[in-house]
Amino acid sequence: MRISKLFGKTQREIPAEADTASHQLLLRAGMIHQVAAGVYSYLPLAWRVLKKIENIIRDEMDKAGGQELMMPVLQPLELWQETGRDLAFGKGLFTLSDRKERKLCLGPTHEEVITKLVSANVQSYRDLPLMLYQIQAKFRDEPRPRAGLIRAREFTMKDLYSFDTDEDGLDQSYNKMLQAYRNIYSRCGLPALLVDADSGAIGGKDSHEFMVIAESGEDEIIYCPGCQYAANADKAESIKSKIDSEETLPLEEVDTPGMATIEEVSGLLKVPQSHTLKAVFYIADGKLVFVVIRGDIEVNEVKLKNVLHCIELRMATEAEVIEAGIVAGSASPIGISGIKIIADDSITSGTNFVAGANKPDTHFRNVNYPRDFKADIMADIAKAHAGEECPRCSGKLSSTHGIEVGHIFKLGTFLSEKLGAFFIDQSGVSQPIIMGCYGIGLGRLLAAAFEQNHDDKGIIWPLPIAPYQIYLCPLYLENPQVAAAAESIYAELEAQGLEVLFDDRNESPGVKFNDADLLGIPVRVTISPRTLETNSVEIKKRSEKEFDLLPLEGVAKRLKELITSSL
RNA sequence: CGGGGUGUGGCGCAGUUGGUUAGCGCGCAGCGUUUGGGACGCUGAGGUCGGAGGUUCAAGUCCUCUCACCCCGACCA
């Protein structure tokens with residue numbers, strides 16, 4: 001490809017709208033163009049990268065036993081109402097009406113469509129297992145699209161769905177995908193960390209995410225440097241510090257005038273925060289719930305949402321709390337009825353806590369569970385933090401940020417039961433098909449590659465996903481010897497099947513070198529009167545500072561060997 | 001949805017208490033001189049100042065409404 005003909009211009013200045021490295025560089029390199037918030041056009045360079053990523057993914061999916069197919073973007077909303085997931089997605093679903101006022105949506109994912117498809121085509125255990133996938137645009141009306149391609153509203157995703165007859169089969173499919181995903185990231189030159197993830201309200205037992213560590217990542221990862229434990233902060237567990245138990249004492253009221261927060265109460269009564277109980281109020285699908293947790297621990301709302309099996313969860317407003325007859329600031333579950341009480345398991349160790357007395361300006365000392373109150377649900381709903389103990393090896397947990405570049409789920413039978421995807425097993429009994437789903441966002445993977453591989457000059461593409469392999473960079477093209485050598489090397493490189501970006505512009509060396517660095521093509525080949533004096537060309541890798549001189553004679557072959565050996 | 005911010009040629013920005021024909025840098029086109037890490041000179045093209053309404057003799061500038069985009073949070077398979 002000749003740069004003079006390439007669609008898309010590089011820019012010297014950083015576009016004001018971008019402040020993430022990948023977003024800035026993608027814009028400066030002329031690879032993407034914004035159409036609306038979270039909606040982008042991909043210019044030829046980005047499109048080439050995307051196709052390379054796509055081919056790597058397709059190859060790995062096929063090797064793992066996947067069959068590619070294509071489902072529609074346009075889906076009847078009715079299908080989503082059947083599973084109730086229209087509510088789970090809520091406003092995230094792009095909906096529209098056709099001319100007959102039938103409601104449709106743009107697919108944010110395809111579990112519903114594929115489950116119907118499979119149910120129509122699978123009757124017997126003999127038809128299973130199955131792995132089906134597609135690579136297609138997805139639409140999600142994100143509350144806040146951000147950082148260019150990292151969180152977009154329209155994005156390309158590979159989504160594979162597995163269908164098995166039993167849990168063992170699901171485990172096998174899941175492990176095949178896990179390995180295929182590892183292969184994909186390694187082939188794309190991206191180190192991705194496997195972390196435990198939350199599977200959401202309808203998810204099944206296991207779920208993992210693949211994370212590329214990056215400052216700009218949206219997700220917090222809690223991990224243990226000592227063992228292999230790593231989890232999304234939404235899911236992460238930690239060992240809660242143990243509180244010494246003493247002999248339980250009788251309840252005792254104390255005056256705490258004007259004291260409402262845990263800090264104030266623990267300060268006034270001179271007890272550590274870990275010896276207090278905190279009351280937090282949420283509205284879960286419209287109903288007030290009472291959450292009790294140890295004073296020094298925070299509530300993890302994702303965990304809470306999961307134990308409540310609710311669709312919408314938010315903090316209750318003070319007015320809502322008061323309206324429910326609760327004394328805000330001095331609340332505890334003692335003597336409270338008619339409200340669902342959820343307790344974190346942190347309250348089961350330790351004794352003689354300080355908690356609200358459900359009277360203004362009053363708290364109790366010596367509150368003990370379960371002597372003084374009962375919880376409707378007792379579970380781990382605590383937020384894990386760096387510095388706490390690892391649940392696996394008791395080492396100290398650390399935290400970092402990551403970009404989620406893949407997510408795999410064991411779905412189980414929720415959708416197949418709802419949508420009637422059953423098979424007849426060997427003994428003639430009808431059973432729901434056991435499902436898994438596995439997604440990778442291609443554009444996000446591309447953006448993660450930028451975040452992971454760049455310097456102040458631009459991107460440094462890993463060779464397998466670089467838009468071109470070689471940047472052919474002749475200097476002083478008006479010099480007939482240079483022009484002739486450049487043209488002939490260009491032809492030879494192309495004849496070797498190499499992907500060459502030929503900078504055939506009459507620009508100064510500085511402009512050409514800077515563009516070469518910005519675009520990040522792995523190998524730069526410079527020809528100039530200076531190199532021609534010694535019948536050579538200069539070879540420089542984008543990732544390295546030094547350069548080599550290679551003889552002009554046979555340079556295409558040498559480069560072919562170099563590229564092939566690095567791929 | 002709450003908070004903050006920005007909208008002026010393709011990009012980055014300036015534009016004073018309202019006052020002629022809206023500027024600057026980059027980029028773009030032409031010519032010439034140059035050029036191993038973003039050269040220089042000359043000439044030139046390109047703008048309904050996000051949109052609507054209003055105040056005024058006069059609005060990029062003031063007022064009202066509105067739209068879009070960005071950031072933080074909430075939210076998010």
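(A) Inspection of the pairing of strand 18 (residues 353-359) at higher detail. By the criterion of burial, strand 18 is predominantly enclosed, with 6 of the 7 residues buried. Direction of pairing for strand 18 relative to strand 19 (residues 362-367): antiparallel, over a ladder of 4 bridges. Counted as the bridge partner of Phe353 is Val367 from strand 19. Taking the residues between adjacent antiparallel strands as the criterion, strand 18 and strand 19 are bridged by 2 residues, where Asp361 takes a positive phi near 55°.

(B) Spotlight on the environment of Arg182. On the secondary structure map, Arg182 appears in helix 6 (residues 167-187). Overall, the relative accessible area of 39% leaves Arg182 in the partly exposed class. Look past the residues within four positions of Arg182 in its chain and what remains in contact with it is Leu194 and Phe210.

(C) Structural view of the protein's contact with RNA strand B. Around RNA strand B, the structure places 44 residues, and the nearest of them are Arg140, Met157, Tyr476, Glu478 and Ser528. Expressed as a percentage, the sugar and phosphate content of the atoms of RNA strand B within 4 Å of the protein is 51%. Within the contact set of RNA strand B, a sugar or linking oxygen lies 2.8 Å away from a side-chain nitrogen or oxygen of Arg12. Going through the elements one at a time, strand 1 (32-36), helix 4 (85-89), helix 8 (301-308), helix 13 (509-519) and helix 14 (529-533) are the ones with two or more residues in the surface near RNA strand B.

(D) How the structure looks around the domain arrangement of chain A. Domain boundaries assigned for chain A yield domain 1 (13-236 + 399-451), domain 2 (252-379) and domain 3 (468-566). Using only C-alpha atoms to locate each centre, domain 2 and domain 3 end up separated by 69 Å.

(E) Broad picture of the environment of Ala357. Relative to the helices and strands, Ala357 is located in strand 18. Along the primary structure Ala357 and Ile408 are separated by 51 residues, whereas in three dimensions their C-alpha atoms are 46 Å apart. Setting aside residues no more than four positions away along its own chain, Ala357 makes contact with Ser330, Thr362, His363 and Phe364.

(F) Representation of the packing of aromatic side chains. According to the stated counting rule, one finds 7 aromatic pairs in the structure shown. Plain terms: the ring middles of Trp80 and Phe89 are 5.4 Å apart, the flat faces sit at 85° to each other, and that makes the pair edge-to-face. Note on Trp80: relative accessible area 0%, which makes it buried. For Phe89, a relative accessible area of 25% puts it in the partly exposed group. With 6.1 Å between their ring centres and 55° between their planes, Tyr174 and Tyr438 make a pair best called tilted.

About the cut-offs
Residues numbered from 1 in each chain as written. Chains lettered and ligands numbered in written order. Predicted model: local features only at pLDDT ≥ 70, side-chain atom pairs only at ≥ 80, totals over all residues. Heavy atoms only, no water. Buried < 20%, exposed > 50% of the residue type's maximum accessible area, 1.4 Å probe, protein only. Helix = DSSP H or I, 4+ residues; strand = E, 2+ residues; numbered from the N terminus. Pairing = 2+ DSSP bridges. Contact = heavy atoms within 4.5 Å. Near = heavy atom within 4 Å. Polar contact = N/O pair within 3.5 Å; in protein donor to acceptor, adjacent residues only side chain to side chain. Domains from an automatic or database assignment. Phe/Tyr/Trp six-rings, centres within 6.5 Å; stacked < 30°, edge-to-face > 60°.

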